[in-house]
Amino acid sequence: MNQQLPFSTDIQIAICGSAGDGTIATGDILKRAMARAGYNVIAFDLYPPEIRGFGKCIARTRITSEQVYALKPRSDVLISLNDAYAIPHVHEVDDFGAVIYDDTPIAAVQEGEHISGHLAPAHLPYAIPFREISERTTSGAKSRNMVAVGYLAGLYGIPREVFHDIIQSKFKTKPAALTESILTAFDAGFVEGVATFHLGFNVPSEAPQSDEKDDVIMMSGNDAVVRGCLDAGIKTFFGYPITPATSIMEKLAVEMPRQGNSMVQTEDEISAIAAAIGAGFTGTRSATATSGPGLALMTEMMGLATIAEVPVVVFVSQRGGPSTGMPTKTEQSDLNLAVYGATGDGQRIVLAPTNVEGCYWCAGKAFEMAERYQCPVIVLLDLYLSNRYEAVVLSRINPFDQDCNTGVPKHQTDKPYRRFEITDDWLSPRAIPGEKGLQHVITGLEHNEFGRPNDQADVHAQMSHKRHQKLHAALTHPDITICKRFGDTGQVQIGLLGWGSSFGEILEALFKAQGEGITCAAMKVVMLSPFPTSEVIAFMDDCDAVLVPELNYQGQFANLVGAMVGRSVHRFTRVIGTPLHVDDILVEVRRLCDDPTAPPTPVNPATTQEKLT
Amino acid sequence: MNDTTRYVIIGNGAAGNEAALHLRQRDPDSRIIMVSAGKLLFLNRYRFPEVLDGVFDWREFLVNPPEYYIKQRIELRRYTWVNHIDPHNRTLEMRHKEKVGYDKLLVASGAGGYLPEYLGEYAPLLHDFNSLRNAMEIRSALPASGGKVLILGGDIKGLDLAHTLVRGGREVIVVASEHLFWPHQIPREESGRYIDALERVGIEVILDHKIASIEKGAKGMRARRVTLDNNHELNADVVMAFYGLMPSLGFMHGAGVDIERGLLVNPQLQTGNEHIWAAGDVCQIWSPEENHYRFYYGWKNVKMMGRIAAINMTGGDEAVDTFKEDRLFINEQDEIDSTFWEYE
Amino acid sequence: MTSVTQPVYLEEKLEDIRESGRLIYRSKALPTWCPGCGYYAIVEAMTDAMNRLGILSEDTVVVSGIGCASRFPFFVDTYGFHTLHGRVLPVATGVKVANEALNVIGVGGDGDGFAIGGGHIPHAARRNVDITYVLFDNGIYGLTKGQTSPTSVTGFETGTSPYQNQDNPLNPLLMLLSYGASWVGQAYAGNPHHLASMLEQAIAHRGFSYLHVLSPCVTFDKTSKTYRNLGMAIRDLPDQHDNRDLMAAMIEARHQETPALGLYYKEERPTLGDGLKTIVERSRNKE
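Keep in mind that this is a model prediction, so the values were computed, not measured.

*Asks:* Help me understand the overall build of chain C in this model?
*Replies:* Summing up its helical and strand segments, chain C has 10 helices and 10 strands in all. At 19 Å, chain C has a C-alpha radius of gyration in line with the 19 Å of a compact globule built from 287 residues. When its C-alpha atoms are laid out on the principal axes, chain C stretches across 65 × 50 × 40 Å. Out of the 287 residues belonging to chain C, those deemed buried represent 57%. Put simply, chain C shows about 12,500 Å² of open surface, and 54% of that area lies on carbon and sulfur atoms. Computed over 25 positive and 30 negative side-chain charges, the separation of the two mean positions in chain C equals 6 Å.

Shown next, in the form of structure tokens:
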């Protein structure tokens, strides 16, 4: 009895429990299966406490038939694997959304401790004895989570085969008996789900089918960075663990040796970037990854790479700051540090992807740019982007140029070699250790064209100019989006200017505003340094008012835009530790539409505060 | 214990909801908790036949929107079951192992369809009509148009459905038992004119025959084959039983209150336990005039009981009018009608 | 040691140097150090050692930090990287990991290595990264014109310790031995032939080799580690010293006031590069 709904598939599922309940693993299977089934998937797991092993986690997955750009503030389904953790999140379930829970606690519970007493009147209760079914069909209660996800699949009419495929591939290195038992638990839940009368109105329509189905990969932002590194031919990686960048290092530790390359864990972030720069000096592609506190330690070395003109790629996944701040909360507050954090005039390239696919492209292109422009390149992510999963279609052809070096032409080798020669495009021929007759010293001291220390005024002026001028070419680097406009063309009432992970929420707000009849456009700026000034000015010319939503207190991107284009913008800043709320942006858009001169709303008005316990 | 009174209502039907509304009005600071087995909010069951006409969105049948419960601060615990009641500690022991305490308890758990023992073995072949799901299942068991439905027993709920089905172009046969017109007790000599009224709208009524067996229909035939005690065979797409109601009371055993067929209460709707009241199809009220406990059915009666229970639970003193006479009659459309069917 | 009995003629000496072939390792830049600085001897010893080993200039990278000693790369004709204060070892590690074929030599002073850069030394040592670290120890910050360093002796007077240094000096050799460096030796700028021989061995060693070179600062230290004082204090390691015996090496290293020259300790064990190759093999077997 399938109801024909006027809207296409858009279901968000939240799974809440502890890591011990297999919460994240369940979410992982769900999102991979849905991507395999052909849906668009975007997912973001939250670990409110710092130590993942013991605390609460929530795996949120949004499944859609069309491309979407952000998670919804409210989910359509909540699966509780642990009532104590899930109860505070029941209010995040949408009206007429489902709450799936176990109604066979192992022991008596105090009044109020069972989730059934916490559902809002508009929620739909689906109780199913996960634990009993797991115990009955497998050797114990451990597969409760698989019963739950099986139940979900059965209830929502999702084919079980895609789940079987994903479970089999996820557990392929595990004993066959274990996989078998997991499948049994899944099927037991599935049968229950099929037998349950579905009362909800939000049911999936058939997944959009495409020829590219097999190339759709579920990956997180950090996964995409890793893939970009590998495709760009990374040879060495040096890192120091820090949330939320660590998983880049961990995945490279698995993948790089398989390609004969090296991942080395260093004693600190200074050492990590120092080694990456040392490796860059040898002419090979090298990178490190860190978060704000690590980037702070790396800034001195970034300056060295700038003046010594050594390529290095630094992935920075931001989190709440300053200082140690909020290691497991997301924030976009290291823009200043990334763009400006340097000794002297230390300009570098800064790329900020806005989605998972962008992480892949920016990662690969960062190596090309670092090598081509002989400078450090920062790829700026944040916890939300690093940990969020999207179904990404990747080309089978490696899109990255494997060698962008400006070498030393043969005919020049008889003349004294000028490592820092001033050329028409400001890029100097770069020799690397091992090349005969081109020995030279690079230094953090100001130097002349030969690399000899020299602090004369004209030399410093000329070299400063060279180091800035050469980066302009990055704005026209091939095959990468530097900035891009979305939404209505021509003159619009509201222009949304955004960057990084929060651009998804900005786009969703844009579409909603358009739905309300507001003419609206959005521009994402991927390259923050050097800044695509003329494109941004052209965009702003088209907008009656420009709103800049971002996740930091100061409006760091708004400041950057203001400094680069010399115009004021409307700030919309929040420091909530979670992604921006689409509806909050929308409220601001409406407000600005009514009164383009409205003063900014205060950061974090009480109404938008997320109650995370 | 703090000052606010905890009212717990078992049941989420007409009686329970009416009681909750009046409890809130009369004791604004109290906590009101409704415990019910259904997944959904209070639905208007009288409109379930509309499902057969293609209304699938159950939100259409909501008596109160979800916001109502938030505004009235009525806490709902749906899809939960009471295992038993501990009257000494004043707690409900729930099937999901949670204990829910009460100061004052209203049992308004309603009643389910009664099925005579000799039909028990055929239950899997019968369709119920208690829930939205049942209604949807009946719709899918019937062909897009036409189709044949057998109504066994023939209580007034069944007859109401029979009218709806006939109006929708379905063929309906009522295999009557002594429950025909239940809960109205119609003497045999008077029943003829009501049966005539049924047949006038196209409902066939078979009298004086018991069911011998119910089977699945043979291939190519309708889904059910019913054989009567005279070996006469009836084929139908759907067979439903309407033999009156049976109070849903299993969980009340051991609670120290008196139970006959229903939960026995005085005209103030209080049970033998000073903390426990009852209202709706579940209770049997002492009628001093008739000198026995009797049931009062129908939307209007049930709502009245919910209101009176709430008044008495909050210190009032009001009694159910036990003189009340309910009757069957032929209405202006020349169809049979019951005072039980009246509702605002 | 022999006393000078024969006069040395500059012409003959220059002829010897030209003939040796080691001038190809000298850059055209003139050192910026003070006249009489011990570091000139280290440059000469380095070119001598490289020449004797026959390593190619283009296959050699000298990495330095910041300080007088760290100007060293400009004066040899190899690839050079003059980095940041204290970061010799991480940069050198990066170079070596990226290209195992290169000879990587780190140079720096006592402040660079043991003050700001002290945290990196244990890790380079324990990983046994196949580089040579030559530490020029003059017990003072020279480039900033004379301040106390981590190896300055207690009681030393400088611009930053006008009322005498109250801190104990570090014992670099003892630290390196306990960190697990696989080659630990000491030389003296005033004994260039021995220094060159030690450099030759250190570079030839497969693994992390640490050569501590005592060298006076003739400009800012007139009282403590002067040629005169050092010349009187130094000694050779005892003939019977077993450079396979870590405990014996540590006992010798304790005598900082009478520093012994020579090879304290040496062991052969897998390098960082070997470990990375093992990881590559294991990753492929696990696939």
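Now that the structure has been shown, the text picks up again.
*Asks:* Hey, could you run me through the arrangement of the chains in this one?
*Replies:* There are two pairs of chains in contact here; the most contacts are made by chains A and C. The two partners chain B and chain C share no contact, and the minimum distance between any of their C-alpha atoms is 47 Å.

*Asks:* Could you clarify how one ought to interpret helix α9 (residues 269–281) of chain A in this entry?
*Replies:* Since there are 3.6 residues in each turn of an α-helix, residues three or four apart along the chain are aligned in direction. Residue and element names in this part refer to chain A. Over its 13 residues, α9 extends 18 Å from the first C-alpha to the last, a length consistent with the 18 Å expected when each residue adds 1.5 Å. In terms of burial, α9 is a largely internal element, 13 of the 13 residues being buried. Measuring from the side-chain oxygen of the N-cap residue of α9 to the backbone nitrogen of I270 gives 3.2 Å; that N-cap residue is D268. Following α9 by one or two positions, G283 has its phi on the positive side, about 90°.

*Asks:* I'm lost on the confidence of the model for chain C in this one. Help?
*Replies:* The predicted coordinates of low-pLDDT regions are not to be read in fine detail. Looking at chain C as a whole, the pLDDT averages 95, with 98% of positions reaching at least 70. Taken over the whole predicted complex, pTM reads 0.86, whereas the ipTM for its chain interfaces reads 0.96.

*Asks:* Before we go on, may I ask you to explain the sheet that holds strand β21 (residues 570–573) of chain A in this structure?
*Replies:* Sheets are built from strands paired through backbone hydrogen bonds, the pairs being either parallel or antiparallel. Residues and elements named next belong to chain A. The five strands lie next to each other as β16-β18-β17-β20-β21, forming an open sheet whose pairing is mixed. Lying at the two open borders of the sheet, with one neighbouring strand each, are β16 (483–487) and β21. Mean inter-strand twist for the sheet, computed between neighbouring axes without regard to direction, equals 25°. Here four bridges tie strand β17 (residues 492–498) to strand β20 (residues 543–550), and the two strands are oriented parallel to one another. For L496, the partnering residue across the bridge sits in β20 and is L547.

*Asks:* Would you mind going over the packing of α9 of chain A against helix α10 (residues 292–308) of chain A with me for this structure?
*Replies:* Angle between the axes and distance between the axes: these two values describe a pair of packed helices. Residue and element names in this part refer to chain A. Running from N to C, α9 and α10 point in directions that differ by 30°, and their axes come no closer than 8 Å. Considering the angle they form, α9 stands roughly parallel to α10. In the packing of α9 onto α10, the handedness of the crossing is right-handed. Contacts between α9 and α10 pair E269, I270, A272, I273, A274 and I277 from the former with G294, L297, M298, M301, M302 and A305 from the latter. Per-class residue counts for the contact of α9 with α10 are 10 nonpolar, one polar and one charged.

*Asks:* Is there a simple way to think about the pattern of salt bridges in this case?
*Replies:* Two side chains that carry opposite charge are able to pair once their charged atoms sit near each other. Within the structure shown, the criterion is met by 59 salt bridges over all chains. Residues K512 of chain A and D583 of chain A are paired through a salt bridge, measuring 2.9 Å at the closest nitrogen-oxygen approach. Of this pair, K512 of chain A sits in helix α15 (residues 503–515) while D583 of chain A sits in helix α18 (residues 582–594), placing them 71 residues apart in sequence. We classify K512 of chain A as partly exposed; its relative accessible area is 39%. Residue class for D583 of chain A comes out partly exposed when judged on its relative accessible area of 35%. Among the ionic pairs, R200 of chain B bridges to D334 of chain B, the shortest N-O distance being 2.9 Å. Here D334 of chain B lies in the loop between β21 (328–330) and β22 (336–338) and R200 of chain B lies in helix α6 (residues 188–200), a separation of 134 residues in the sequence. A single salt-bridge network, built from bridges that share partners, covers D10, R62, K72, D76 and E508 of chain A.

*Asks:* Would you take a moment to explain the domain arrangement of chain A for this structure?
*Replies:* Bring the parts together and some accessible area is lost; that lost area is often taken as the interface size. Residues and elements named next belong to chain A. Per the domain assignment, the segments making up chain A are domain 1 (10–200), domain 2 (217–393), domain 3 (410–475) and domain 4 (483–608). Relative placement of domain 1 and domain 2: their C-alpha centres are 33 Å apart. Taken together, the contact pairs 17 residues of domain 1 with 10 residues of domain 2. Both sides together, the interface formed by domain 1 and domain 2 hides about 1,200 Å², and carbon and sulfur atoms give 60% of it. On the surface where domain 1 and domain 2 come into contact, there are zero salt bridges.

*Asks:* Can you help me understand the interface of chain A and chain B in this one?
*Replies:* On the side of chain B, 28 residues touch chain A, which itself brings 31 residues to the contact. Summed over both partners, the interface of chain A with chain B buries about 2,500 Å², with 59% contributed by carbon and sulfur atoms. If you sort the residues of chain A by the area they bury against chain B, E111, P121 and F197 of chain A come out on top, with a joint share of 27%. Here chain A is connected to chain B by two salt bridges. Across the pair R95 of chain B and D103 of chain A runs a salt bridge, and its minimum N-O distance is 3.4 Å. Run the count over chain A and chain B and you get 11 residue pairs in polar contact (both at pLDDT 80 or more). Counting residues per element, the side of chain A that touches chain B draws most heavily on strand β6 (residues 124–127) of chain A, which supplies four residues. For the side of chain A that touches chain B, the residue count by class is 20 nonpolar, seven polar and four charged.

*Asks:* I tried to follow helix α10 (residues 272–286) of chain C on my own but got confused; where do I start?
*Replies:* The end-to-end C-alpha separation of α10 of chain C is 21 Å, in line with the 21 Å expected for 15 residues at 1.5 Å each. Every buried residue of α10 of chain C is listed here: L272, G273, D274, L276, V280 and S283 of chain C. Tucked inside the fold, the buried residues of α10 of chain C contact α8 (246–258) and β9 (262–265) of chain A together with α3 (88–98) and α5 (121–127) of chain C.

*Asks:* Where do I start with the sheet that holds strand β8 (residues 209–214) of chain C in this structure?
*Replies:* With mixed pairing, nine strands are arranged side by side in an open sheet as β15(A)-β2(C)-β1(C)-β3(C)-β4(C)-β8(C)-β7(C)-β10(C)-β9(C). The open sheet is flanked by β15 (441–443) of chain A together with β9 (235–236) of chain C, the only strands paired with a single partner. Bridging between strand β1 (residues 60–64) of chain C and strand β3 (residues 103–109) of chain C involves five bridges; their strand directions are parallel. Residue V61 of chain C lies in a different strand from β3 of chain C, and its bridge partner there is V104 of chain C. Across the sheet, α9 of chain A touches β15 of chain A together with β1 and β2 (79–82) of chain C, and the angle it forms with β2 of chain C is around 155°.

Cut-offs applied
Residues numbered from 1 in each chain as written. Chains lettered and ligands numbered in written order. Predicted model: local features only at pLDDT ≥ 70, side-chain atom pairs only at ≥ 80, totals over all residues. Heavy atoms only, no water. Helix = DSSP H or I, 4+ residues; strand = E, 2+ residues; numbered from the N terminus. Rg over C-alpha atoms; globule rule 2.2 N^0.38 Å. Buried < 20%, exposed > 50% of the residue type's maximum accessible area, 1.4 Å probe, protein only. Areas by Shrake-Rupley, 256 points an atom, 1.4 Å probe, with all protein chains shown as cover. Lys, Arg positive; Asp, Glu negative; His and termini not counted. Charge placed at Lys NZ, Arg CZ, Asp CG, Glu CD. Contact = heavy atoms within 4.5 Å. Expected span 1.5 Å × (residues − 1). Polar contact = N/O pair within 3.5 Å; in protein donor to acceptor, adjacent residues only side chain to side chain. pLDDT = per-residue confidence, 0-100. Pairing = 2+ DSSP bridges. Axes fitted to C-alpha atoms, helices over the stretch in contact; angles between N-to-C directions. Parallel < 35°, antiparallel > 145°, perpendicular 65-115°, else oblique. Left-handed = near helix turned anticlockwise from the far one by under 90°. Nonpolar A, V, L, I, M, F, W, Y, C, P; charged D, E, K, R; others polar. Salt bridge = Lys/Arg side-chain N within 4 Å of Asp/Glu carboxyl O. Domains from an automatic or database assignment. Buried area = accessible area lost by both parts, 1.4 Å probe.

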